Amino acid sequence: MGHPMPGAPHSRLVTMENVEFDPRLVQATSVKSADEGVPGRKAAQPKALKITAASSNPKMFTLPWHKPLSQWPDDLLANLPRGISRHVVRFVRVGNDVYAMKEITQSVAQREYELLRQLEKIDVPSVKPIAVVTGRHDRDGKPLEAMLVTEHLKFSLPYRALFARNLREDTADRLIDALAVLLVRLHLIGFYWGDVSLSNVLFLRDADCFAAVLVDAETGELYPQLTEGQREYDIDLARTNIIGELMDLSSGKLLPDDVDEVEVGNRLVDRYHSLWSALTDVESFSPDEMWKIEKRVNKLNELGFDVDELEMNTSEDGNRVRVRPRVVDAGYASRKLLRLTGLDVQENQARRLLNDLDAYRTSTWRQGEDLEIVATDWMREVFEPTVRMIPAEYRSQIEPAQFFHEVLTHRWYLAEKVGHDVPMAEAVNSYIDTVLPQYKLDAKVMDAINADADAGVVDDEDSYGDDGYGSDYNPDYDPDAAVWAS
């Protein structure tokens, strides 16, 4: 997690008072102090402990806030793999919950908390903010850094932990594809990231792909709409950071030898522009080619995006129709599955489960019945009995929907091998014995990952300057005037 880009545009901050934001943002909680956002003015340090929380958990008040996070006792910590960060980060058990705690300057903590709250309101894939803790002091009265508290995203992993396992050779490409989708989604809603990298996201398995979730928003900013310069800066920075991160993996012998780090970085740029074009380009049709409009909408649905409305304009001579789609939230398949079954899963997982639901409907000769009724029976007869077979020691390692998907894939391979259908229970037992153990991280590997994460900590208030934004902050920087590297 690096500094904000030179001139991250805080001096040109667009507030909700003078622009049209997504109306859901109006309800987002604000913890800004009177001095917040004013370069050169440091927010006042509370004299007593103050916890501003989005949800109530009384156990929060029992934590040792008077100690630096690096000195918290082991019995409070959850041994989970951490990503590389400039700040001290720990996973802490708070009652039945696990929270990610990050020590950071007060102004940055408050600002990131507010931004995460805004992103949560508009269903952007990002970690859930829990609290900001300020006014921390040790027993001698010496001030301690503030703390940003977010909810640990179950089943997620930082990219280094993924490469520490025996994954397919195309893992790097699949992670890049997930990051490209996330970046496009963020840009569509007007989020300028300012520090795009593999280190600043968490990854969830999503059938044969991955889904990326924003985990660090401290350099971000929400706008009604991004300029091309802002988008291109994010893309170029992402390419540079990714190449460096992959080279670091290569030096640690975690990256397959045949992976070209520069080519993977370039893949992000190509994938981003391809997806952005598919979602935003204006197409022109003749009046007798209106069927192409449906084809365009279907293509967007296949990419996982819903189309809210179509803007259609006819040329003056009436010979051409120009169509611009208005794309709304991603998650076309996942919302359909949620409506039918109540399962809240990733997009590609949803597609796989919907396909199995369709197969069940066909095999039981129930094509004429309401899909909602068939889905209820599929849940009871197929999905639930399968996921109940997940061994207890793996229930915190793999999502039920991912388990179901991988069992279906394993069953297909078994059937191909023996030349006939394999019962579901047999496929589950075979998968548990031969494939599922790969989900466990060796204790030594876990220790090495977390040691690497701590090695990057330069958590020093001076690195932010008095304003909390960074010593390279330049309020006069214009991202549209920048020259982007090729």
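Keep in mind that what you see is a predicted model, and the values were worked out from it rather than measured. (Residues numbered from 1 in each chain as written. Predicted model: local features only at pLDDT ≥ 70, side-chain atom pairs only at ≥ 80, totals over all residues. Heavy atoms only, no water.)

Trainee: Looking at this structure, how should I read the overall build of the protein chain?
Mentor: Looking only at helices and strands, the protein chain features twelve helices and twelve strands. Relative to its full complement of 486 residues, the protein chain shows a buried share of 49%. At a minimum sequence separation of 6, the contacts of the protein chain that also span at least 24 residues come to 67%. As displayed, the protein chain has an accessible area near 23,600 Å², and 48% of this comes from carbon and sulfur atoms. (Helix = DSSP H or I, 4+ residues; strand = E, 2+ residues; numbered from the N terminus. Buried < 20%, exposed > 50% of the residue type's maximum accessible area, 1.4 Å probe, protein only. Contact = heavy atoms within 4.5 Å. Areas by Shrake-Rupley, 256 points an atom, 1.4 Å probe, with all protein chains shown as cover.)

Trainee: I would appreciate a short explanation of the sheet that holds strand β3 (residues 97–104) in the present structure.
Mentor: Pairing between sheet strands relies on hydrogen bonds along the backbone, with the strands arranged either parallel or antiparallel. Here five strands make up an open sheet; going across it, the order is β1-β4-β5-β3-β2 and the pairing antiparallel. For this open sheet the edge positions go to β1 (50–53) and β2 (89–94), each flanked by a neighbour on one side alone. Neighbour to neighbour, the strand axes of the sheet diverge by 25 degrees on average, direction disregarded. Across six bridges, β2 lies against β3 in antiparallel orientation. Bridging from a neighbouring strand, Arg 90 pairs with Met 101 of β3. Across the sheet, helix α1 (residues 106–121) lies against β1, β3, β4 (129–134) and β5 (146–151), angled at about 160 degrees from β4, the strand it touches most. (Pairing = 2+ DSSP bridges. Axes fitted to C-alpha atoms, helices over the stretch in contact; angles between N-to-C directions.)

Trainee: Explanation requested: the pairing of strand β7 (residues 201–206) in the structure shown.
Mentor: A regular strand places its side chains on the two faces of the sheet in alternate fashion. Most of β7 is tucked away: six of the six residues are buried. Alternating residues of β7 divide into Val 201, Phe 203 and Arg 205 and Leu 202, Leu 204 and Asp 206, and every residue in both groups is buried. In the sheet, β7 pairs with strand β8 (residues 209–214) via six bridges, with the strands oriented antiparallel. Residue Val 201 lies in a different strand from β8, and its bridge partner there is Leu 214. In this antiparallel pair of consecutive strands, β7 and β8, the connection spans two residues, and Ala 207 shows a positive phi of 60 degrees.

Trainee: What is the right way to read the side chain of Glu 232 from this model?
Mentor: With respect to the helices, strands and loops of the structure, Glu 232 is situated in helix α4 (residues 228–251). Although Glu 232 is buried, it forms no salt bridge, and the closest oppositely charged side chain is Arg 231 at an N-O distance of 4.8 Å. Reaching out from Glu 232, the side chain makes a polar contact with the side chain of His 273 at a distance of 3.0 Å. (Lys, Arg positive; Asp, Glu negative; His and termini not counted. Salt bridge = Lys/Arg side-chain N within 4 Å of Asp/Glu carboxyl O. Polar contact = N/O pair within 3.5 Å; in protein donor to acceptor, adjacent residues only side chain to side chain.)

Trainee: Looking at this model, I keep getting lost on helix α5 (residues 261–280). Mind explaining?
Mentor: In an α-helix, one turn spans 3.6 residues; hence positions three or four apart end up facing the same way. Given a rise of 1.5 Å per residue, 20 residues ought to cover 28 Å, and the 29 Å separating the end C-alpha atoms of α5 matches this to within 8%. All buried positions along α5 are accounted for by Glu 261, Val 264, Gly 265, Leu 268, Val 269, Tyr 272, Leu 275, Trp 276, Ala 278 and Leu 279. Of the residues that open α5, the one with a side-chain oxygen 3.0 Å from the backbone nitrogen of Val 262 is Asp 260. (Expected span 1.5 Å × (residues − 1).)

Trainee: Is there a simple way to explain the environment of Tyr 99 in this structure?
Mentor: In this fold, Tyr 99 is placed in strand β3. C-alpha of Tyr 99 to C-alpha of Leu 77: the two residues are 22 residues apart in sequence and 9.5 Å apart in space. Apart from residues lying up to four places away in sequence, Tyr 99 is in contact with Asn 57, Met 60, Arg 90, Phe 91, Val 92, Val 94, Ile 130, Val 149, Thr 150, Glu 151 and His 152.

Trainee: It is not clear to me how the packing of helix α10 (residues 400–418) against helix α11 (residues 424–434) should be interpreted in this structure. Could you clarify?
Mentor: The axes of two packed helices give the description: the angle between them and the distance between them. Running from amino to carboxyl end, α10 crosses α11 at an angle of 105 degrees, the nearest separation of the two axes being 9 Å. As the angle between them shows, α10 and α11 are arranged roughly perpendicular. Facing Phe 403, Phe 404, Glu 406, Val 407, Leu 408, His 410, Arg 411 and Leu 414 of α10, the residues of α11 in contact are Met 424, Ala 427, Val 428, Ser 430, Tyr 431, Ile 432 and Thr 434. Of the residues in the contact of α10 with α11, the class split is ten nonpolar, three polar and two charged. (Parallel < 35°, antiparallel > 145°, perpendicular 65-115°, else oblique. Nonpolar A, V, L, I, M, F, W, Y, C, P; charged D, E, K, R; others polar.)

Trainee: Just checking my understanding: could you explain the confidence of the model for the protein chain for this structure?
Mentor: Predicted coordinates in regions of low pLDDT should not be interpreted in detail. On average, the protein chain scores 79 in pLDDT, and the residues at 70 or more come to 73%. Low confidence marks residues 1–19, where pLDDT is under 50. Its contacts with residues over four positions away, or in another chain, come to 60 contacts. Throughout residues 461–486 the model reports pLDDT below 50, and contacts reaching past four residues in sequence, or to other chains, amount to 62 contacts. (pLDDT = per-residue confidence, 0-100.)

Trainee: So what exactly am I meant to see when it comes to the packing of helix α7 (residues 332–341) against helix α8 (residues 347–363) here?
Mentor: Taken N-terminus to C-terminus, the directions of α7 and α8 make an angle of 55 degrees; their axes are 7 Å apart at the nearest point. Comparing the axis directions of α7 and α8 gives the class oblique. Crossing hand, α7 versus α8: left-handed. The segment α7 lies against α8, with Tyr 332, Ala 333, Ser 334, Lys 336, Leu 337 and Leu 340 engaging Glu 347, Ala 350, Arg 351, Leu 353, Leu 354 and Leu 357. Looking at the contact of α7 with α8, its residues break down into eight nonpolar, one polar and three charged. (Left-handed = near helix turned anticlockwise from the far one by under 90°.)

Trainee: Help me out: how do you make sense of the packing of aromatic side chains in this one?
Mentor: Two numbers describe a pair of aromatic rings. These are the distance of the centres and the angle of the planes. Inspection of the entire model under this criterion finds eight aromatic pairs. Judged by centre distance (5.8 Å) and plane angle (80 degrees), the rings of Trp 378 and Phe 404 are edge-to-face. One end of the pair, Trp 378, is in helix α9 (residues 371–387); the other, Phe 404, is in helix α10, with 26 residues separating them in the sequence. Of the residues examined, Trp 378 reaches a relative accessible area of 0% and is grouped as buried. A residue is classified by how much of its surface remains accessible, and Phe 404, at 0% relative accessible area, is buried. (Phe/Tyr/Trp six-rings, centres within 6.5 Å; stacked < 30°, edge-to-face > 60°.)

Trainee: Whenever I open this one, the pairing of β5 confuses me. Can you help?
Mentor: Counted residue by residue, β5 has five buried out of six residues, so it is predominantly covered. With six bridges joining them, β3 and β5 adopt antiparallel strand pairing. Among the inter-strand pairings, Ala 100 is bridged to a residue of β5, identified as Thr 150. Alignment of β4 against β5, held across four bridges, turns out to be antiparallel. Among the inter-strand pairings, Val 132 is bridged to a residue of β5, identified as Leu 148.

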